[in-house]
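Overview (structure and organization)
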Amino acid sequence: MTIAVFFAAALLYSTGVIKAGHMFRSIMLTILFGILLSSLVISILSIFMYSTIVSMFQTYGILISTLLVIVAGCYVVISLDNANRIVDGGAPKKFEWFAAYGIVINIVWLFLEVLRLLMYLKNDNN
């Protein structure tokens, strides 16, 4: 599933269906900050209301994980665009490693989100 999402994002980027312009990057950054903020709030709330948070994730876990897989796939597009800009801009070779590292980090994030989605799907079937 991770490979399929990665190749789908790469195909959509390489064909020009998705362009990582300024607006796309701004929207994705806003979504990422929203995810980080909600994760922090949920973490703090789970200290005081553990059973409520657990039941919420049993109910909405599949939906949330699916959205996070989509967000991680969109960030793969941004990483590929960053790598493309570095190469096209004629940056020194050491910066190509930074671009590759960014792509790898996004693939790992995507893999973890896919694993979380599969975990929720497995628990939903029981």
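Now for a quick tour of the structure. (Residues numbered from 1 in each chain as written. Predicted model: local features only at pLDDT ≥ 70, side-chain atom pairs only at ≥ 80, totals over all residues. Heavy atoms only, no water.)

Here the focus is the overall build of the protein. In terms of regular secondary structure, the protein is built from four helices and zero strands. In the protein, the order of α-helices and β-strands from amino to carboxyl end is α-α-α-α. Along the first, second and third principal axes, the C-alpha set of the protein runs to 55 × 30 × 25 Å. Out of the 126 residues belonging to the protein, those deemed buried represent 27%. Of the contacts formed within the protein by residues at least 6 apart in sequence, a portion of 81% connects residues at least 24 apart. Roughly 8,500 Å² of accessible area belongs to the protein as shown, and the carbon and sulfur atoms make up 74% of that amount. The centroid of the 7 positive side-chain charges in the protein is displaced by 4 Å from the centroid of its 5 negative side-chain charges. (Helix = DSSP H or I, 4+ residues; strand = E, 2+ residues; numbered from the N terminus. Buried < 20%, exposed > 50% of the residue type's maximum accessible area, 1.4 Å probe, protein only. Contact = heavy atoms within 4.5 Å. Areas by Shrake-Rupley, 256 points an atom, 1.4 Å probe, with all protein chains shown as cover. Lys, Arg positive; Asp, Glu negative; His and termini not counted. Charge placed at Lys NZ, Arg CZ, Asp CG, Glu CD.)

For the rest of this paragraph, the subject is the nonpolar core. For soluble globular proteins, nonpolar side chains are generally found buried alongside one another. Residues F24, M28, V76, V77, I78, L80 and L110 are the most contacted members of the largest nonpolar core, which totals 24 residues. Sorting the residues of this core by element identifies α1 (2-14), α2 (22-48), α3 (50-88) and α4 (93-125) as the ones contributing at least two each. With eleven residues, the single largest contributor to this core is α3. In this structure I78 touches A20, F24, R25 and M28, once residues within four positions along its chain are discounted. (Core = buried A, V, L, I, M, F, W, Y, C linked by side-chain atoms within 4.5 Å.)

Our next topic: the environment of V5. Summarising the element assignment, V5 is placed in helix α1. Residue V5 is classed as partly exposed on the basis of its relative accessible area of 22%. The spatial distance from the C-alpha of V5 to the C-alpha of I47 is 34 Å, given a sequence separation of 42 residues.

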